[in-house]
Amino acid sequence: MRNLLHSLEESLALSPVGVAVELPDGARLGRPDADVRLRFGDRMSVVALAMGEIGNVGAAIVEGRVALEGSMRQLMAAAGSLLRLDPARDAQMGWWQRVMVRARSMAAHTLSGDAQNIQFHYDLSDEFYALWLDPRRVYSCAYFREADMTLAQAQEAKLDHICKKLMLRPGERFLDIGAGWGGLLLWAAEHYGVDATGITLSRHQHAHVQRLIEERGLSARVRMQLLDYRELQVDQPFDKIASVGMFEHVGRAQMERYFATVHRLLRPGGLLLNHGITAGGLDNAGLAAGMGEFIERYIFPGGELLHVSVALHDMARAQLEMVDTENLRPHYARTLWAWSDALENRLEEARAILVAHKGQEQGERALRAYRLYLAGCALAFERGWVALHQILATRPSGQGDDGPLKGAQSDYPFNRSYMYEGAAAADR
């Protein structure tokens, strides 16, 4: 233990922000004028900190075994300097671990299991999410098209970026898989005139979007369904499909089936925009240093990240052709910091909402978890431990004369100019 404490003291001295640690016996390490203070109630949490297992330290904070004083930004600056390994690239899987990961994924991602996982996260409290999301409650990576954009402006820019990539046209049949609180679904209907269908597994989100559809008089051409993507049956395939912030919940073992389902739902020549978080490393099952376990336990049970190359492999197996891929990783770091700052500015309101919803102990616990989750994910995107890819794909028609170019076999023009021509819908 003495050697670990000596190593910890050396690490604290190298931190870019001052950190003070109070041990269970009352002894103190670090700087007396520290920006971040951690009071440890048990020795194992001290060992986790000394070993750079920041996810496990986060779990101890959530469970109340470690008390924290200081801002989330300062805490993450310190946490990044305490890591001993790269959380994305220094964890590798052997063949047996790969087998176990796949088996666990198959067991976790059943119809009932996925519904429970989604409701665990998204049905926490609509009022809580409304405190720190933008007014449209867009709960995915924003697109800061201009450097001085607010979060709300960047979220609208993201919605429009997706619609332009999909070349949405009035009257087209559009499907939004995992439609959330309806931001993209309603944007596409109101600004691009599509006939729009959204699906979700969250009862809270479903009720919220249904209310918005009725309030805006869109019932004739916009609908929201409460069901799993695997259960969606249609008489006529969709012209365009978007999946935003959803495929992280699909699971490694279900990914081929997911893309095969998209292929079934998309008309020949149609376009898919898959927007989702991807792993920063090629061979990791999840973030190391205890970070993946933290998110699995407290935030997204059943969530799994794949490297973009794996996603493209499974997409190709489903006979979907990738035509454009864009990495928005720094945009998600900025989005998450905006969410984190917004939550920090309204902590007392957030605490009151969660305590009313879950009780004193569980409400406080949930608040600590979300504070660490938002700031920790912002750090992860900044460091490149995770990424955010928008993958545009087609279902080739098999007809060489289809499309704007001979051999296109789809609506895609095989150039990017159309994505950036003219004003965004938000500016018109």
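Each residue is numbered by its place in its chain's sequence as written, counting from 1. Whole-chain, interface and lining totals are the exception, using all residues; otherwise, since this is a predicted model, local features are given only for residues with pLDDT of at least 70 and side-chain atom pairs are given and counted only at 80 or more. Each side-chain value is derived from all of the structure's non-hydrogen atoms; neither hydrogens nor water enter the calculation.

### Points about the sheet that holds strand S8 (residues 238-244)
Consideration 1: Note: two strands are recorded as paired if DSSP finds a minimum of 2 bridges between them. The numbering of helices and of strands both runs from the N terminus, where a helix is a DSSP run of H or I of at least 4 residues and a strand a run of E of at least 2. Here we have seven strands laid out as an open sheet, ordered S7-S6-S5-S8-S9-S11-S10, and mixed in their pairing. Only two strands of the sheet have a single partner each, and these edge strands are strand S7 (222-226) and strand S10 (321-327). Pairwise comparison of adjacent strand axes, ignoring direction, gives a mean angle of 15 degrees for this sheet.
Consideration 2: Pairing geometry for strand S9 (residues 266-279) and strand S11 (residues 386-394), over nine bridges, is antiparallel. Paired with His-275 across the two strands is Gln-390, which belongs to S11. Fitted lines through C-alpha atoms serve as axes, helices being fitted only where they are in contact, and the angles separating the N-to-C directions of these axes extend from 0 to 180 degrees.

### Focus on the sheet that holds strand S1 (residues 19-22)
Consideration 1: Pairing is mixed across the open sheet formed by four strands, whose spatial order is S2-S1-S3-S4. The open sheet is flanked by strand S2 (28-30) and strand S4 (66-69), the only strands paired with a single partner. Neighbour-to-neighbour, the strand axes of this sheet turn through a mean angle of 15 degrees, independent of strand direction.
Consideration 2: Sheet topology note: the S1/S2 ladder contains three bridges and is antiparallel. By the bridge assignment, Val-21 is partnered in S2 with Leu-29.

### A look at the nonpolar core
Consideration 1: To qualify as a nonpolar core, a set must consist of buried Ala, Val, Leu, Ile, Met, Phe, Trp, Tyr and Cys residues joined through side-chain atoms within 4.5 Å. Three labels apply to residues, based on accessible area from a 1.4 Å probe with only protein chains included: buried if under 20% of the type maximum, exposed if over 50%, partly exposed otherwise in between. Counting residues in each nonpolar core, the largest one holds 76 residues, and the members touching the most others are Phe-128, Trp-132, Tyr-139, Trp-339, Leu-343 and Tyr-370.
Consideration 2: In terms of residue count, the dominant contributor to this core is helix H16 (residues 360-383) (13 residues).
Consideration 3: In this analysis, two residues are considered to be in contact whenever any of their non-hydrogen atoms come within 4.5 Å of each other. Ignoring sequence-local partners within four residues, the contact set of Leu-343 consists of Phe-128, Trp-132, Ala-350, Leu-367, Tyr-370, Arg-371 and Leu-374.
Consideration 4: Leu-168, Ala-196, Val-222 and Leu-273 belong to the second largest nonpolar core, which has 33 residues in total.

### A closer look at the packing of helix H2 (residues 43-50) against helix H3 (residues 54-62)
Consideration 1: One way to put it is that H2 packs onto H3 with a least axis distance of 7 Å and a crossing angle of 145 degrees. With respect to the hand of their crossing, H2 and H3 are arranged in left-handed fashion. In this structure, H2 uses Ser-45, Ala-48 and Leu-49 to contact H3, whose residues at the interface are Asn-56, Val-57 and Ala-60.
Consideration 2: Class assignment for the residues of the contact of H2 with H3 results in four nonpolar, two polar and no charged. Helix crossings are classified by the rotation of the near helix relative to the far one: an anticlockwise turn of less than a right angle makes the crossing left-handed, while a clockwise turn makes it right-handed. Gly falls in the polar group here, along with every residue not listed as nonpolar (Ala, Val, Leu, Ile, Met, Phe, Trp, Tyr, Cys, Pro) or charged (Asp, Glu, Lys, Arg).

### Some points on the confidence of the model for the chain
Consideration 1: Summarising the model, the chain shows a mean pLDDT of 88, and 87% of its residues fall at 70 or more.
Consideration 2: A residue's pLDDT is the confidence the predictor assigns to it, expressed on a 0 to 100 scale. Segment residues 117-121 is flagged for pLDDT under 50; beyond a separation of four residues in sequence, or across chains, it makes 20 contacts in the model.

### Section: the pairing of S8
Consideration 1: Most of S8 sits inside the fold, with seven of its seven residues counted as buried.
Consideration 2: Here strand S5 (residues 173-177) runs beside S8; their pairing, made up of four bridges, is parallel. Each bridged residue has a counterpart across the sheet, and for Asp-176 the counterpart in S8 is Ala-242.
Consideration 3: Here S8 pairs with S9 via six bridges, running parallel. Bridging across to S9, Ser-243 finds its partner in Asn-274.
Consideration 4: Remark: the S8/helix H11 (residues 255-265)/S9 crossover connection has right-handed handedness. The crossover handedness rule: strands pointing away from the viewer, path from first strand over the helix to second strand clockwise, crossover right-handed.

### With respect to the side chain of His-208
Consideration 1: On the secondary structure map, His-208 appears in helix H10 (residues 203-215).
Consideration 2: A residue is classified by how much of its surface remains accessible, and His-208, at 10% relative accessible area, is buried.

### Remarks on the packing of aromatic side chains
Consideration 1: Here a pair means two rings of Phe, Tyr or Trp (six-membered ring of Trp) with centres within 6.5 Å. Their orientation is stacked below 30 degrees between planes, edge-to-face above 60, and tilted elsewhere. As enumerated under the stated definition, the model contains 21 aromatic pairs in all.
Consideration 2: Here Tyr-229 and Tyr-258 contribute two aromatic rings whose centre-to-centre distance is 5.4 Å and whose plane-to-plane angle is 85 degrees, an arrangement assigned as edge-to-face. Placement of Tyr-229 in the loop between S7 and S8 and of Tyr-258 in helix H11 is noted, with a sequence separation of 29 residues between them. A single burial state applies to Tyr-229 and to Tyr-258, both of which are buried.
Consideration 3: Ring centres of Tyr-332 and Phe-381 lie 4.6 Å apart, and the angle between their planes is 45 degrees; this geometry places the pair in the tilted category. On the criterion of sequence distance, the pair formed by Tyr-332 in helix H14 (residues 329-344) and Phe-381 in helix H16 is long-range, its members being 49 residues apart. Considered together, Tyr-332 and Phe-381 belong to a single accessibility category, that of buried residues.
Consideration 4: Site record: aromatic cluster; members linked through ring pairs are Phe-128, Tyr-129, Trp-132, Tyr-139, Trp-181, Tyr-332, Trp-339, Tyr-370, Tyr-373 and Phe-381.
Consideration 5: We note Arg-173 situated over the ring of Phe-238; from NZ or CZ to the ring centre the distance is 4.6 Å. Criterion for a charge above a ring: Lys NZ or Arg CZ within 6 Å of the ring centre, and within 35 degrees of the ring normal.

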